[in-house]
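Remarks on the overall topology
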Amino acid sequence: MKINCNYALVFFLFTFSFLTAQEVNTVSGNGYTTVNDIAYYYEEYTKDAYVIERCKLDLYYPEDSENFSTIVWFHGGGLRAGNKSIPEQLKKQGIAIAAVNYRLYPKVKCPEYIRDAAAATAWIMKNISKYGGDTNAVFASGHSAGGYLTSMIGLDKKWLNEFGVDADRLAGLIPFSGHTITHFTVREERGIPGEQPIIDEYAPLFYVRNDAPPLILITGDRNLEMLGRYEENAYMYRMMKVVGHKSTEIFEIQGFDHGGMAVPAYSILLGKIKMLTGEKSGM
């Protein structure tokens, strides 16, 4: 049977548009638009049910605005729990936030969640200009496991390279209370006790380098944080300084534990974005 090529093309485009409309919804109000459930994988998205379920992001951005900064935000949950959400403290700040879901242990194991974080970040870096954002003002951030993913994709360049993006194009890495040693879930996958620290290829500390994007490390009070979390971030800070990285800072938020530190940390995040984008533009 012969099929008219023009008819086939129209049918394909209609079908693709219909499927896209079914999977993405847009909400506008108060000068901002949120596009929900954007799939950040392409070929894989059509093949794997768990990718279809988890590998999506929500994009919140200012309307009638150009060249705004964007935060790619990764939720916490130990790489085994949690869901994407746009923090209220980051809304209505004149910037975009991309809240990312990624696949979780035990349905997947390392390094799939790192690869997902890189794929989502690459999608934003390639597409944010279509919404008015500045491709040179994309920041990675997240809390706990999200902080770990932030540091991994920003320091180990192979993850973003896989998706055709140079990690050094990121405007900054701002992890909240993230592991800098190998994550405890990755250690558990390998039968390594949680109390045994490891620095291997899945540790941000393994990739200390002087040409990385600006790195702002934020933790809670060392006496209230998860065991060793401040100290490993302090070691990361020191080693980045040793190798000559000129844009590493560390903040310890006194009086706040691992979960509670996020609220005051948002103010640091927003302040550092303004500072770093101001420096780039010569303000």
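Located above this text is the structure these notes cover.
Notes on the structure follow.

Going through the model one piece at a time under the given rule, you end up with 9 aromatic pairs. Centre to centre, the rings of Tyr-32 and Tyr-60 are 4.8 Å apart; their planes meet at 5 degrees, and the pair counts as stacked. Residue Tyr-32 is found in strand 2 (residues 32-39), and its partner Tyr-60 is found in strand 3 (residues 56-62); the two are separated by 28 residues along the sequence. Comparing Tyr-32 with Tyr-60 shows no difference in burial state: the two are buried.

For the rest of this paragraph, the subject is the layout of surface pockets. Taken as a whole, the second largest pocket holds about 270 Å³ of empty space. Surrounding the second largest pocket, 13 residues form its lining, His-179, Arg-187, Gly-194, Glu-195 and Leu-227 being those nearest its centre. For the lining of the second largest pocket, the secondary structure elements donating two or more residues are helix 6 (184-189) and helix 7 (229-242). Among the residues forming the lining of the second largest pocket, the class breakdown is 5 nonpolar, 4 polar and 4 charged.

For the rest of this paragraph, the subject is the nonpolar core. Most often, soluble globular proteins keep nonpolar side chains buried together rather than apart. Formed by 58 residues in total, the largest nonpolar core has its most connected members in Tyr-40, Leu-57, Tyr-113 and Ile-114. The element best represented in this core is helix 3 (residues 112-127), accounting for 10 residues. Sequence-distant contacts of Ile-114, defined by excluding residues within four places in its chain, comprise Tyr-148, Leu-149, Met-152, Ile-153, Trp-159 and Tyr-202. Residues Trp-73, Ile-86, Ile-174 and Ile-216 belong to the second largest nonpolar core, which totals 25 residues.

Moving on, we get to the pattern of salt bridges. As enumerated under the stated definition, the model contains 17 salt bridges in all. Across the salt bridge formed by Lys-84 and Asp-58, the nearest N and O atoms sit 3.0 Å from each other. Here Lys-84 is found in the loop between strand 4 (68-74) and strand 5 (96-100), whereas its partner Asp-58 is found in strand 3, with 26 residues between them in sequence. Residue class for Lys-84 comes out buried when judged on its relative accessible area of 18%. For the salt bridge of Arg-229 with Glu-232, the shortest nitrogen-to-oxygen distance reads 4.0 Å. In this pair, Arg-229 and Glu-232 are both assigned in helix 7, 3 residues apart and thus about one turn of the helix distant. Each member of the pair Arg-229 and Glu-232 is classed as buried. Within this structure, Arg-103, Glu-112, Arg-115, Asp-116 and Glu-162 form a network of salt bridges that share partners.

Procedures and definitions
Residues numbered from 1 in each chain as written. Predicted model: local features only at pLDDT ≥ 70, side-chain atom pairs only at ≥ 80, totals over all residues. Heavy atoms only, no water. Phe/Tyr/Trp six-rings, centres within 6.5 Å; stacked < 30°, edge-to-face > 60°. Helix = DSSP H or I, 4+ residues; strand = E, 2+ residues; numbered from the N terminus. Buried < 20%, exposed > 50% of the residue type's maximum accessible area, 1.4 Å probe, protein only. 1 Å grid on protein atoms, 1.4 Å probe; cavity = no way out; pocket = protein on both sides within 12 Å on 5 of 7 lines; lining within 4 Å. Points joined across faces, edges and corners; volume = space filled by probe spheres on them. Nonpolar A, V, L, I, M, F, W, Y, C, P; charged D, E, K, R; others polar. Core = buried A, V, L, I, M, F, W, Y, C linked by side-chain atoms within 4.5 Å. Contact = heavy atoms within 4.5 Å. Salt bridge = Lys/Arg side-chain N within 4 Å of Asp/Glu carboxyl O.

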